[in-house]
Amino acid sequence: LLSTLPKEKTRLITLHKYQDFWYSARQLGGVLACQQHFQAQDTDIHLATAPKSGTTWLKALVFTLLNRKNCPITKDHPLVTTNPHDLVPFLEFDLYANNQVPDLASFASPRLFSIHLPFTSLPKSVHESACKLVYLCRDPKDVFVSLWHFSNKLRPQNIETISFEETFHKYCKGVSFFGPFWDHILGYWKESLRNPEKILFLKYEDLKEQPRLHLRRLAQFMHCPFSAKEETEGVVDEILELCSFGNLRNLEVNKDGKLSSGVENTAFFRRGEVGDWKNYLTAEMGDQLDEIIEEKFYGSGLSF
Ligand code: A3P
C-alpha cells in the first residue's frame, strides 16, 4: 500500500497520504489495523484529538471523572503513579501499532480509548455504534509550536534540530502527522453540530478559561454528572487540581522514565499555556497561519 500512496518527504521522515490525511509508515500501520479490526461497543468513550492539542490533559480529566467512585482522589490515585498515556491507550499507537490485533477483553466497561484518527477514517463500528466521542482542539498556532518541540524531543540524538521554517511551511500546506489540521478539526466539528449526543466538541482555550464549566459538561455528556453532595464537597476542584499542568508535571512519575511506547514522560509537559506561539512565530508567520485559519474555517462557526 505504501508504495502506491502520495508521499511527502520531510527532512527526517516520509509522510504518506491516506484517505486525505498524512501519516508516517508506522502510524499508518496502526490506522489500517484499527480500521480493519477494532469493534466499538455502545458504552465506549473515545478521546479524539490532533497531536499536541491537549490529549494528555483530556486523558487525565476523563479518566479521573469516570473512575471517581472506585478511585477517589487520594495520594494513591492512579494518576499519581502512572502517566495519563499509560492509563488511556491510543488505539492506533499502543493497541493496534504495527498491525497487531490486541486482546481487549481486560478493558472494563465503559472502555476508554484515545485516538488521533480523523473523523472520516474512524473504524466503521465507531460510526455505527452508540459509543461517544470527546474531541479536543487547540489554536493551531500553539499546536504547531508544541508539535515542533515534541518532534525535536523525539528525533534521534545524532540528527540536527528540525528546521522550524521548513516544518512551518509544511504545516501550512497541511503536511503534518494526522494533518491537514483544518480538515481534522472540521470533520469532528461538523459532526458535533449534527449529532451532539455523539460528539462533545471542546477547545483547549475554553477549558483553560472556564475549567469548572467544561468539566461539568464533560461529566453530563458521559452520563456521570456531579451529585449535589460532590458539588458541596468540592470534587470538581479536586479533579481539576489533580489534573492541572503544574500538578501532573511535578509528579515523580512524570519527571523521568518512559511510556510503554518508549517516549519520555517529560515530553508531554512543556509550557501548557495559551498563546505561547507568540514566543516562537514571527509576526508574518502568525499572520500567515491566521489567514489559513480564517479561510479554512470560514462559514463553519468555528474560530481561534
Ligand atoms: P505545550 O507544548 O504548548 O506546552 P498532547 O497532550 O496532545 O500531546 O499535547 C501536549 C500539550 O499539552 C503540551 O503543550 C503540554 O504542555 C500540554 N499539556 C499537558 N498536560 C497539560 C495539562 N494538564 N494542562 C494543560 N496543558 C497540558
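How each quantity is defined
- Residues numbered from 1 in each chain as written.
- Predicted model: local features only at pLDDT ≥ 70, side-chain atom pairs only at ≥ 80, totals over all residues.
- Heavy atoms only, no water.
- Core = buried A, V, L, I, M, F, W, Y, C linked by side-chain atoms within 4.5 Å.
- Buried < 20%, exposed > 50% of the residue type's maximum accessible area, 1.4 Å probe, protein only.
- Helix = DSSP H or I, 4+ residues; strand = E, 2+ residues; numbered from the N terminus.
- Contact = heavy atoms within 4.5 Å.
- Pairing = 2+ DSSP bridges.
- Near = heavy atom within 4 Å.
- Polar contact = N/O pair within 3.5 Å; in protein donor to acceptor, adjacent residues only side chain to side chain.
- Areas by Shrake-Rupley, 256 points an atom, 1.4 Å probe, with all protein chains shown as cover.
- Nonpolar A, V, L, I, M, F, W, Y, C, P; charged D, E, K, R; others polar.

1. Some remarks on the nonpolar core
- Core analysis: the largest hydrophobic core is formed by 55 residues, its most contacted members being F38, Y135, Y188 and L281.
- The dominant element in this core, judged by the number of residues it contributes, is helix α9 (residues 181–194), at 6 residues.
- Residues within four places of F38 in sequence aside, it is in contact with A33, D44, H46, L91, Y96, L104, R111, F113, P123, S125 and V126.
- Grouped together as the second largest cluster of nonpolar side chains are 41 residues, V62, M222, V235 and C243 included.

2. Here's the deal with the pairing of strand β2 (residues 14–18)
- In this sheet, β2 lies alongside strand β1 (residues 7–9) in antiparallel orientation, the contact comprising 3 bridges. Each bridged residue has a counterpart across the sheet, and for E8 the counterpart in β2 is L15.
- As paired elements, β2 and strand β3 (residues 21–23) share 3 bridges and run antiparallel to each other. Following the sheet pairing, K17 is matched in β3 by W22.
- Taking the residues that link successive antiparallel strands as the turn, the β2-β3 hairpin has 2 residues, and the phi of Q19 there is positive, at about 50°.

3. Points about the site of the ligand
- Near the ligand there are 18 residues, and of these K52, T55, T56, S146 and R271 occur at the shortest range.
- Note that an oxygen atom of the ligand is positioned 2.5 Å from one of the side-chain N or O atoms of T56.
- Contacts to the ligand include R271, whose backbone N or O atom sits 2.6 Å from an oxygen atom.
- The protein chains hide 98% of the 570 Å² of surface that the ligand would expose on its own.
- Elements with a contribution of two residues or more to the shell around the ligand: α2 (55–66) and α14 (245–250).
- Of the residues in the shell around the ligand, the class split is 7 nonpolar, 7 polar and 4 charged.

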